Amino acid sequence: MTLFDSTSFEGHEGVHAFHDEKTGLKSIIAVHSTARGPAAGGCRMWPYASADLALEDALRLSRAMSYKNAMADLELGGGKSVIIGDSRTQKTPALFEAFGRAVESLGGKYWTAEDVGVSPADLAHAAKTTRYVAGLEGAAASSGDPSPVTAEGVFRGIRLCVERKLGRDLAGVTVALQGVGHVGGYLAEKLHAAGARLVITDVNAEALARVAEATGAQVVAPAAIFEVPCDVFAPCALGGAVNAETLLRIKAPVIAGAANNQLAHPDVGRALHERGVLYAPDYVINGGGIINVAAEIRALGEGAAFDAQWVESKLARLMQTLEEVLDRAAAEKRPTQDVANEIARARIAGAEHARAA
Ligand code: NAD
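Residues numbered from 1 in each chain as written. Predicted model: local features only at pLDDT ≥ 70, side-chain atom pairs only at ≥ 80, totals over all residues. Heavy atoms only, no water.

In the nomenclature of an unreviewed UniProt entry, the protein corresponds to Amino acid dehydrogenase from the organism Phenylobacterium deserti.

Caption draft 1: Quick peek at the overall build of the protein. Across its full length, the protein carries eleven helices and twelve strands. The globule rule puts the C-alpha radius of gyration for 357 residues at 21 Å, and the 20 Å found for the protein is close to it. Expressed as lengths along the three principal axes of its C-alpha atoms, the size of the protein is roughly 60 × 50 × 45 Å. Counting across all 357 residues of the protein, residues that qualify as buried make up 54%. Here the contacts in the protein between residues at least 6 apart in sequence split such that 66% fall between residues at least 24 apart. Across the protein, the mean location of the 35 positive side-chain charges is 2 Å away from that of the 42 negative side-chain charges. (Helix = DSSP H or I, 4+ residues; strand = E, 2+ residues; numbered from the N terminus. Rg over C-alpha atoms; globule rule 2.2 N^0.38 Å. Buried < 20%, exposed > 50% of the residue type's maximum accessible area, 1.4 Å probe, protein only. Contact = heavy atoms within 4.5 Å. Lys, Arg positive; Asp, Glu negative; His and termini not counted. Charge placed at Lys NZ, Arg CZ, Asp CG, Glu CD.)

Caption draft 2: Structural view of the site of the ligand. Near the ligand, the surroundings consist of 17 residues, among which T150, H182, V183, D202 and A237 are the closest. Within the side chain of S147, one N or O atom sits 3.4 Å away from a nitrogen atom of the ligand. At a separation of 2.9 Å, an oxygen atom of the ligand approaches a polar side-chain atom of N260. Contact with the protein chains covers 72% of the free accessible surface of the ligand, which is 830 Å². Residue assignment for the shell around the ligand shows that the elements contributing at least two residues are helix 4 (147–166) and helix 5 (182–193). Broken down by class, the residue content of the shell around the ligand amounts to eight nonpolar, eight polar and one charged. (Near = heavy atom within 4 Å. Polar contact = N/O pair within 3.5 Å; in protein donor to acceptor, adjacent residues only side chain to side chain. Areas by Shrake-Rupley, 256 points an atom, 1.4 Å probe, with all protein chains shown as cover. Nonpolar A, V, L, I, M, F, W, Y, C, P; charged D, E, K, R; others polar.)

Caption draft 3: Looking closely at the environment of L300. Turning to its location among the elements, L300 is positioned in helix 9 (residues 288–302). Counting along the chain gives 261 residues from L300 to A39, while the straight-line C-alpha distance between them is 15 Å. With near-sequence residues (within four places) excluded, L300 lies in contact with W111, V133 and A141.

Caption draft 4: Local environment of the pairing of strand 8 (residues 197–201). Of all five residues making up strand 8, four are buried, and the element is well covered by its neighbours. As paired strands, strand 7 (residues 174–178) and strand 8 are joined by five bridges and run parallel to one another. What sits directly across from L177, in strand 8, is I200. Read from strand 7 through helix 5 to strand 8, the crossover connection turns out right-handed. Alignment of strand 8 against strand 9 (residues 218–219), held across two bridges, turns out to be parallel. Among the inter-strand pairings, V199 is bridged to a residue of strand 9, identified as Q218. (Pairing = 2+ DSSP bridges. Right-handed = clockwise from strand over helix to strand, strands pointing away.)

Caption draft 5: Summary view of the UniProt feature "binding site: NAD(+)" (unreviewed entry) in the protein. Annotation from UniProt places "binding site: NAD(+)" (unreviewed entry) at G179, V180, G181, H182, V183 and G184. Discounting chain neighbours no more than four positions away, the residues touching G179 are G184, T201, D202, C236 and A237. (UniProt positions renumbered as here; feature names shortened; annotations may be inferred.)

Caption draft 6: Structural context of the nonpolar core. Judged by nonpolar contacts, the single largest core of 90 residues is most densely connected at I29, F99, I158, L187, L191 and I200. Considering each element in turn, this core owes the most residues, nine residues, to helix 10 (residues 308–332). If you count residues domain by domain, this core takes at least three from each of domain 1 (3–63 + 77–126) and domain 2 (147–285 + 322–344). With residues near it in sequence (within four places) discarded, I158 still touches L170, L187, L191, V232, A234, A256 and I285. (Core = buried A, V, L, I, M, F, W, Y, C linked by side-chain atoms within 4.5 Å. Domains from an automatic or database assignment.)

Caption draft 7: Here's a closer look at the domain arrangement of the protein. Its domain assignment divides the protein into domain 1 (3–63 + 77–126) and domain 2 (147–285 + 322–344). Between domain 1 and domain 2, the C-alpha centre-to-centre distance is 30 Å.

Caption draft 8: A look at the pairing of strand 10 (residues 232–235). Here strand 10 shows no split at all, with V232 and A234 on one side and F233 and P235 on the other all buried. Across four bridges, the pairing between strand 7 and strand 10 is parallel. In the strand pairing of strand 10, Q178 is matched with P235. Examined bridge by bridge, strand 10 and strand 11 (residues 254–255) share two bridges and lie parallel to one another. Following the sheet pairing, F233 is matched in strand 11 by I255.

Caption draft 9: Spatial organisation of helix 7 (residues 266–274). For helix 7, every residue scored as buried is listed here: V268, G269 and L272. Taken down its axis, helix 7 places every buried residue within 105 degrees of arc, on the same side. G276 sits one or two positions beyond helix 7 and adopts a positive phi of about 80 degrees. (Arc of directions from axis to C-beta.)

In C-alpha coordinates, the structure reads:
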(Lines give C-alpha, C1' and ligand atoms only; values in the text may rest on other atoms or scores of the structure.)
Protein backbone atom coordinates (compact mmCIF):
# COMPACT_ATOMS: atom_id res chain seq x y z
CA MET A 1 0.00 0.00 0.00
CA THR A 2 1.20 3.50 -0.65
CA LEU A 3 0.03 6.32 1.56
CA PHE A 4 -1.86 8.23 -1.12
CA ASP A 5 -3.68 5.13 -2.47
CA SER A 6 -5.04 4.09 0.89
CA THR A 7 -8.85 4.20 1.08
CA SER A 8 -8.38 5.88 4.47
CA PHE A 9 -6.41 8.76 2.96
CA GLU A 10 -8.66 11.79 2.54
CA GLY A 11 -6.57 14.89 2.00
CA HIS A 12 -4.65 14.51 5.25
CA GLU A 13 -2.52 17.59 5.93
CA GLY A 14 0.39 15.67 7.34
CA VAL A 15 1.45 12.18 8.27
CA HIS A 16 4.52 12.00 10.48
CA ALA A 17 6.57 8.90 11.31
CA PHE A 18 8.85 8.88 14.34
CA HIS A 19 11.54 6.42 15.35
CA ASP A 20 13.67 6.61 18.46
CA GLU A 21 16.41 4.00 18.53
CA LYS A 22 17.15 4.31 22.25
CA THR A 23 13.63 3.75 23.53
CA GLY A 24 12.31 1.65 20.64
CA LEU A 25 9.58 4.19 19.88
CA LYS A 26 7.86 3.63 16.56
CA SER A 27 5.00 6.05 16.18
CA ILE A 28 2.85 7.63 13.50
CA ILE A 29 1.05 10.90 14.05
CA ALA A 30 -1.59 11.65 11.43
CA VAL A 31 -2.93 15.18 11.17
CA HIS A 32 -6.07 15.08 9.07
CA SER A 33 -7.10 18.71 9.35
CA THR A 34 -6.18 21.82 11.30
CA ALA A 35 -8.74 24.01 9.52
CA ARG A 36 -10.89 24.41 12.65
CA GLY A 37 -7.96 24.49 15.07
CA PRO A 38 -5.15 22.26 16.30
CA ALA A 39 -5.69 18.60 15.46
CA ALA A 40 -6.79 16.69 18.54
CA GLY A 41 -7.18 12.98 19.10
CA GLY A 42 -5.85 10.28 21.39
CA CYS A 43 -2.78 8.08 21.22
CA ARG A 44 -3.35 4.35 20.71
CA MET A 45 -0.70 1.77 21.63
CA TRP A 46 -1.31 -1.48 19.79
CA PRO A 47 0.86 -4.41 18.59
CA TYR A 48 0.10 -3.81 14.91
CA ALA A 49 1.24 -6.71 12.73
CA SER A 50 2.73 -4.28 10.21
CA ALA A 51 3.53 -0.59 9.77
CA ASP A 52 0.92 -0.52 6.99
CA LEU A 53 -1.80 -1.49 9.43
CA ALA A 54 -0.61 1.15 11.91
CA LEU A 55 -0.65 3.76 9.16
CA GLU A 56 -4.14 2.70 8.07
CA ASP A 57 -5.43 3.05 11.63
CA ALA A 58 -3.81 6.47 12.10
CA LEU A 59 -5.30 7.73 8.82
CA ARG A 60 -8.78 6.37 9.53
CA LEU A 61 -8.92 7.47 13.16
CA SER A 62 -7.55 10.98 12.52
CA ARG A 63 -10.16 11.60 9.80
CA ALA A 64 -12.86 10.37 12.18
CA MET A 65 -11.61 12.85 14.80
CA SER A 66 -11.95 15.74 12.32
CA TYR A 67 -15.58 14.77 11.75
CA LYS A 68 -16.30 14.23 15.45
CA ASN A 69 -14.69 17.51 16.51
CA ALA A 70 -16.54 19.39 13.77
CA MET A 71 -19.90 17.93 14.81
CA ALA A 72 -19.18 18.88 18.43
CA ASP A 73 -18.51 22.39 17.07
CA LEU A 74 -15.10 22.52 18.71
CA GLU A 75 -12.29 24.78 17.55
CA LEU A 76 -10.23 21.68 16.95
CA GLY A 77 -9.19 19.72 13.91
CA GLY A 78 -8.65 15.99 13.72
CA GLY A 79 -5.53 13.99 14.49
CA LYS A 80 -4.52 10.69 15.99
CA SER A 81 -1.31 8.98 16.96
CA VAL A 82 -0.40 5.34 17.16
CA ILE A 83 2.53 3.72 18.92
CA ILE A 84 3.45 0.32 17.53
CA GLY A 85 3.96 -2.03 20.49
CA ASP A 86 2.37 -4.17 23.15
CA SER A 87 0.99 -1.95 25.91
CA ARG A 88 1.25 -4.81 28.43
CA THR A 89 4.97 -5.46 27.97
CA GLN A 90 6.62 -2.63 26.05
CA LYS A 91 5.70 0.53 27.94
CA THR A 92 8.46 2.53 29.61
CA PRO A 93 8.59 6.10 30.91
CA ALA A 94 11.37 6.81 28.39
CA LEU A 95 9.19 5.58 25.51
CA PHE A 96 6.48 8.09 26.41
CA GLU A 97 9.05 10.86 26.90
CA ALA A 98 10.27 10.12 23.36
CA PHE A 99 6.66 10.17 22.15
CA GLY A 100 6.21 13.54 23.89
CA ARG A 101 9.23 14.89 21.96
CA ALA A 102 7.59 13.71 18.74
CA VAL A 103 4.36 15.54 19.63
CA GLU A 104 6.30 18.66 20.65
CA SER A 105 8.19 18.69 17.33
CA LEU A 106 4.88 19.41 15.56
CA GLY A 107 4.74 22.73 17.42
CA GLY A 108 1.13 22.52 18.62
CA LYS A 109 -0.40 21.27 15.37
CA TYR A 110 -1.44 18.13 17.24
CA TRP A 111 -2.72 17.59 20.81
CA THR A 112 -2.59 14.08 22.18
CA ALA A 113 -4.67 12.32 24.87
CA GLU A 114 -5.66 8.82 26.02
CA ASP A 115 -6.84 6.03 23.78
CA VAL A 116 -6.66 2.22 23.81
CA GLY A 117 -3.51 1.03 25.60
CA VAL A 118 -2.51 4.45 26.95
CA SER A 119 -3.25 5.65 30.51
CA PRO A 120 -3.03 9.02 32.32
CA ALA A 121 0.20 7.74 33.94
CA ASP A 122 1.76 7.26 30.47
CA LEU A 123 0.63 10.73 29.45
CA ALA A 124 2.29 12.16 32.56
CA HIS A 125 5.62 10.90 31.15
CA ALA A 126 4.83 12.43 27.74
CA ALA A 127 4.02 15.72 29.50
CA LYS A 128 7.67 15.99 30.63
CA THR A 129 8.61 16.66 27.02
CA THR A 130 5.53 18.27 25.46
CA ARG A 131 2.94 20.88 26.36
CA TYR A 132 0.44 19.47 23.93
CA VAL A 133 -1.09 16.72 26.02
CA ALA A 134 -4.53 16.48 27.64
CA GLY A 135 -5.93 13.79 29.91
CA LEU A 136 -3.57 14.43 32.80
CA GLU A 137 -4.63 13.96 36.37
CA GLY A 138 -4.51 16.37 39.28
CA ALA A 139 -4.13 19.77 37.54
CA ALA A 140 -6.65 22.63 37.67
CA ALA A 141 -7.25 22.15 33.96
CA SER A 142 -7.75 18.36 34.23
CA SER A 143 -10.97 17.10 32.69
CA GLY A 144 -11.08 13.72 34.48
CA ASP A 145 -13.20 10.77 33.39
CA PRO A 146 -15.19 11.77 30.26
CA SER A 147 -17.77 8.98 30.72
CA PRO A 148 -20.39 10.95 32.71
CA VAL A 149 -20.42 13.72 30.09
CA THR A 150 -20.59 11.17 27.27
CA ALA A 151 -23.49 9.46 29.04
CA GLU A 152 -25.33 12.77 29.52
CA GLY A 153 -25.05 13.52 25.78
CA VAL A 154 -26.23 10.03 24.85
CA PHE A 155 -29.13 10.32 27.30
CA ARG A 156 -30.28 13.62 25.78
CA GLY A 157 -29.80 12.18 22.30
CA ILE A 158 -31.95 9.13 23.09
CA ARG A 159 -34.65 11.42 24.51
CA LEU A 160 -34.60 13.48 21.32
CA CYS A 161 -34.79 10.42 19.05
CA VAL A 162 -37.68 8.97 21.06
CA GLU A 163 -39.55 12.27 20.79
CA ARG A 164 -38.98 12.34 17.05
CA LYS A 165 -39.70 8.73 16.25
CA LEU A 166 -42.30 7.78 18.86
CA GLY A 167 -43.73 11.17 19.84
CA ARG A 168 -43.35 10.56 23.57
CA ASP A 169 -41.03 11.11 26.51
CA LEU A 170 -38.90 8.41 28.14
CA ALA A 171 -41.39 7.33 30.82
CA GLY A 172 -42.39 3.74 30.11
CA VAL A 173 -40.11 3.42 27.07
CA THR A 174 -38.10 0.16 26.93
CA VAL A 175 -34.36 0.50 26.27
CA ALA A 176 -32.16 -2.51 25.49
CA LEU A 177 -28.69 -1.53 26.67
CA GLN A 178 -25.67 -3.48 25.43
CA GLY A 179 -22.68 -2.86 27.72
CA VAL A 180 -22.94 -1.33 31.19
CA GLY A 181 -19.32 -0.23 31.63
CA HIS A 182 -18.25 3.37 32.22
CA VAL A 183 -20.71 5.09 29.90
CA GLY A 184 -23.42 2.41 29.92
CA GLY A 185 -23.52 2.42 33.72
CA TYR A 186 -24.12 6.18 33.98
CA LEU A 187 -26.58 6.03 31.08
CA ALA A 188 -28.60 3.29 32.78
CA GLU A 189 -28.98 5.47 35.90
CA LYS A 190 -30.17 8.45 33.87
CA LEU A 191 -32.66 6.40 31.85
CA HIS A 192 -33.97 4.77 35.01
CA ALA A 193 -34.43 8.16 36.67
CA ALA A 194 -36.41 9.31 33.60
CA GLY A 195 -38.80 6.37 33.99
CA ALA A 196 -37.51 4.13 31.20
CA ARG A 197 -37.69 0.34 31.51
CA LEU A 198 -34.27 -1.23 31.08
CA VAL A 199 -33.12 -4.56 29.66
CA ILE A 200 -29.35 -4.86 30.00
CA THR A 201 -26.49 -7.16 29.10
CA ASP A 202 -22.73 -7.31 29.58
CA VAL A 203 -20.00 -9.94 29.49
CA ASN A 204 -18.84 -8.62 32.86
CA ALA A 205 -21.14 -10.27 35.43
CA GLU A 206 -20.07 -7.92 38.23
CA ALA A 207 -20.92 -4.72 36.32
CA LEU A 208 -24.18 -6.28 35.20
CA ALA A 209 -25.24 -7.18 38.75
CA ARG A 210 -24.33 -3.70 40.06
CA VAL A 211 -26.36 -1.86 37.42
CA ALA A 212 -29.31 -4.28 37.67
CA GLU A 213 -29.41 -3.74 41.42
CA ALA A 214 -29.28 0.05 41.09
CA THR A 215 -31.89 0.36 38.34
CA GLY A 216 -34.12 -2.70 38.61
CA ALA A 217 -33.16 -3.62 35.05
CA GLN A 218 -33.99 -6.99 33.55
CA VAL A 219 -30.82 -8.92 32.67
CA VAL A 220 -30.39 -10.97 29.49
CA ALA A 221 -27.48 -12.94 27.97
CA PRO A 222 -25.21 -11.02 25.55
CA ALA A 223 -26.53 -12.80 22.46
CA ALA A 224 -30.16 -12.22 23.49
CA ILE A 225 -29.98 -8.41 23.63
CA PHE A 226 -30.61 -8.14 19.88
CA GLU A 227 -33.91 -10.02 20.17
CA VAL A 228 -35.38 -7.94 23.01
CA PRO A 229 -38.70 -6.30 22.11
CA CYS A 230 -37.88 -2.65 22.84
CA ASP A 231 -38.23 0.94 21.70
CA VAL A 232 -34.52 1.80 21.77
CA PHE A 233 -31.43 -0.34 21.20
CA ALA A 234 -28.45 1.39 22.82
CA PRO A 235 -25.04 -0.08 21.86
CA CYS A 236 -22.55 0.89 24.58
CA ALA A 237 -19.99 -1.92 24.27
CA LEU A 238 -17.67 -2.47 21.30
CA GLY A 239 -17.93 -1.41 17.65
CA GLY A 240 -19.85 -3.32 14.97
CA ALA A 241 -22.92 -4.12 17.11
CA VAL A 242 -25.19 -3.39 14.17
CA ASN A 243 -24.20 -5.61 11.28
CA ALA A 244 -25.82 -7.55 8.44
CA GLU A 245 -26.79 -10.33 10.83
CA THR A 246 -27.94 -8.41 13.95
CA LEU A 247 -29.80 -5.90 11.77
CA LEU A 248 -32.43 -8.54 11.08
CA ARG A 249 -32.84 -9.36 14.78
CA ILE A 250 -32.97 -5.87 16.30
CA LYS A 251 -36.61 -4.94 16.91
CA ALA A 252 -36.12 -1.33 18.01
CA PRO A 253 -37.41 1.61 15.94
CA VAL A 254 -34.56 3.71 17.43
CA ILE A 255 -30.84 2.84 17.64
CA ALA A 256 -28.86 5.31 19.75
CA GLY A 257 -25.92 4.61 22.02
CA ALA A 258 -22.37 5.50 23.02
CA ALA A 259 -20.23 2.94 21.20
CA ASN A 260 -17.89 4.09 18.46
CA ASN A 261 -18.31 2.55 15.00
CA GLN A 262 -21.69 0.98 15.75
CA LEU A 263 -22.38 0.22 12.09
CA ALA A 264 -20.20 -2.60 10.77
CA HIS A 265 -20.45 -1.02 7.30
CA PRO A 266 -22.07 2.13 5.86
CA ASP A 267 -24.51 -0.14 3.95
CA VAL A 268 -25.96 -1.17 7.31
CA GLY A 269 -26.95 2.47 7.91
CA ARG A 270 -28.69 2.55 4.56
CA ALA A 271 -30.51 -0.71 5.37
CA LEU A 272 -31.66 0.77 8.71
CA HIS A 273 -32.98 3.80 6.86
CA GLU A 274 -34.92 1.58 4.44
CA ARG A 275 -36.42 -0.31 7.37
CA GLY A 276 -37.58 2.94 8.94
CA VAL A 277 -35.22 2.69 11.93
CA LEU A 278 -33.99 6.01 13.32
CA TYR A 279 -30.23 5.73 13.88
CA ALA A 280 -28.42 8.46 15.85
CA PRO A 281 -24.97 8.73 14.20
CA ASP A 282 -22.54 7.43 16.82
CA TYR A 283 -19.87 10.07 16.47
CA VAL A 284 -22.45 12.82 16.96
CA ILE A 285 -24.40 11.44 19.92
CA ASN A 286 -21.23 10.33 21.78
CA GLY A 287 -19.43 13.68 21.34
CA GLY A 288 -19.69 14.56 25.05
CA GLY A 289 -16.40 12.78 25.76
CA ILE A 290 -14.39 14.85 23.30
CA ILE A 291 -16.11 18.02 24.52
CA ASN A 292 -14.81 17.19 27.99
CA VAL A 293 -11.25 16.71 26.66
CA ALA A 294 -11.55 19.91 24.60
CA ALA A 295 -12.36 21.79 27.81
CA GLU A 296 -8.99 20.67 29.18
CA ILE A 297 -7.13 21.70 26.02
CA ARG A 298 -8.87 25.08 26.19
CA ALA A 299 -8.02 25.52 29.88
CA LEU A 300 -4.37 24.55 29.32
CA GLY A 301 -4.12 26.95 26.36
CA GLU A 302 -5.51 29.82 28.45
CA GLY A 303 -3.71 28.88 31.66
CA ALA A 304 -7.15 28.61 33.27
CA ALA A 305 -9.10 26.01 35.25
CA PHE A 306 -11.49 23.43 33.79
CA ASP A 307 -14.85 25.12 33.05
CA ALA A 308 -17.89 22.86 33.50
CA GLN A 309 -20.20 25.64 32.23
CA TRP A 310 -18.39 25.69 28.91
CA VAL A 311 -18.84 21.90 28.68
CA GLU A 312 -22.58 22.29 29.28
CA SER A 313 -22.89 24.96 26.58
CA LYS A 314 -21.10 22.70 24.07
CA LEU A 315 -23.28 19.74 25.05
CA ALA A 316 -26.41 21.84 24.42
CA ARG A 317 -24.98 22.85 21.04
CA LEU A 318 -24.24 19.17 20.26
CA MET A 319 -27.92 18.38 20.72
CA GLN A 320 -28.82 21.19 18.29
CA THR A 321 -26.47 19.57 15.79
CA LEU A 322 -28.10 16.18 16.32
CA GLU A 323 -31.49 17.84 15.71
CA GLU A 324 -30.15 19.37 12.51
CA VAL A 325 -29.03 15.91 11.34
CA LEU A 326 -32.42 14.35 12.16
CA ASP A 327 -34.36 17.22 10.53
CA ARG A 328 -32.37 17.11 7.31
CA ALA A 329 -32.42 13.32 7.10
CA ALA A 330 -36.21 13.37 7.52
CA ALA A 331 -36.75 16.19 5.01
CA GLU A 332 -34.43 14.66 2.41
CA LYS A 333 -35.40 11.05 3.17
CA ARG A 334 -31.76 10.05 3.55
CA PRO A 335 -29.79 7.93 6.07
CA THR A 336 -28.78 9.95 9.11
CA GLN A 337 -25.12 9.02 8.91
CA ASP A 338 -24.86 10.25 5.30
CA VAL A 339 -26.33 13.59 6.38
CA ALA A 340 -24.00 13.79 9.41
CA ASN A 341 -20.94 13.14 7.23
CA GLU A 342 -22.08 15.85 4.83
CA ILE A 343 -22.53 18.41 7.62
CA ALA A 344 -19.13 17.52 9.10
CA ARG A 345 -17.41 17.92 5.71
CA ALA A 346 -19.18 21.23 5.13
CA ARG A 347 -18.08 22.56 8.54
CA ILE A 348 -14.46 21.58 7.84
CA ALA A 349 -14.57 23.02 4.31
CA GLY A 350 -16.12 26.25 5.68
CA ALA A 351 -13.21 26.64 8.09
CA GLU A 352 -10.74 25.95 5.26
CA HIS A 353 -12.31 28.71 3.15
CA ALA A 354 -12.23 31.11 6.09
CA ARG A 355 -8.57 30.28 6.67
CA ALA A 356 -7.68 30.79 3.00
CA ALA A 357 -9.54 34.13 2.79
P1 NAD B 1 -16.07 0.22 29.03
O2 NAD B 1 -14.99 -0.72 28.63
O3 NAD B 1 -16.07 0.83 30.38
O4 NAD B 1 -17.50 -0.49 28.85
C5 NAD B 1 -17.80 -1.37 27.82
C6 NAD B 1 -18.60 -2.50 28.43
O7 NAD B 1 -19.01 -3.38 27.37
C8 NAD B 1 -17.80 -3.36 29.41
O9 NAD B 1 -18.49 -3.46 30.65
C10 NAD B 1 -17.65 -4.69 28.70
O11 NAD B 1 -17.63 -5.79 29.60
C12 NAD B 1 -18.88 -4.71 27.84
N13 NAD B 1 -18.84 -5.61 26.68
C14 NAD B 1 -17.78 -5.92 25.89
N15 NAD B 1 -18.15 -6.80 24.95
C16 NAD B 1 -19.47 -7.04 25.13
C17 NAD B 1 -20.42 -7.85 24.47
N18 NAD B 1 -20.09 -8.59 23.40
N19 NAD B 1 -21.69 -7.87 24.94
C20 NAD B 1 -22.03 -7.13 26.01
N21 NAD B 1 -21.18 -6.33 26.67
C22 NAD B 1 -19.91 -6.30 26.25
O23 NAD B 1 -16.09 1.35 27.90
P24 NAD B 1 -16.83 2.76 27.94
O25 NAD B 1 -15.85 3.80 28.29
O26 NAD B 1 -18.09 2.64 28.71
O27 NAD B 1 -17.18 2.94 26.40
C28 NAD B 1 -18.23 2.21 25.79
C29 NAD B 1 -18.26 2.52 24.29
O30 NAD B 1 -18.47 3.92 24.11
C31 NAD B 1 -16.96 2.20 23.55
O32 NAD B 1 -17.28 1.80 22.24
C33 NAD B 1 -16.24 3.53 23.52
O34 NAD B 1 -15.35 3.62 22.44
C35 NAD B 1 -17.41 4.49 23.34
N36 NAD B 1 -17.14 5.84 23.82
C37 NAD B 1 -16.79 6.07 25.11
C38 NAD B 1 -16.56 7.37 25.56
C39 NAD B 1 -16.21 7.65 26.99
O40 NAD B 1 -16.33 8.79 27.41
N41 NAD B 1 -15.80 6.65 27.78
C42 NAD B 1 -16.69 8.45 24.67
C43 NAD B 1 -17.09 8.20 23.35
C44 NAD B 1 -17.30 6.90 22.95
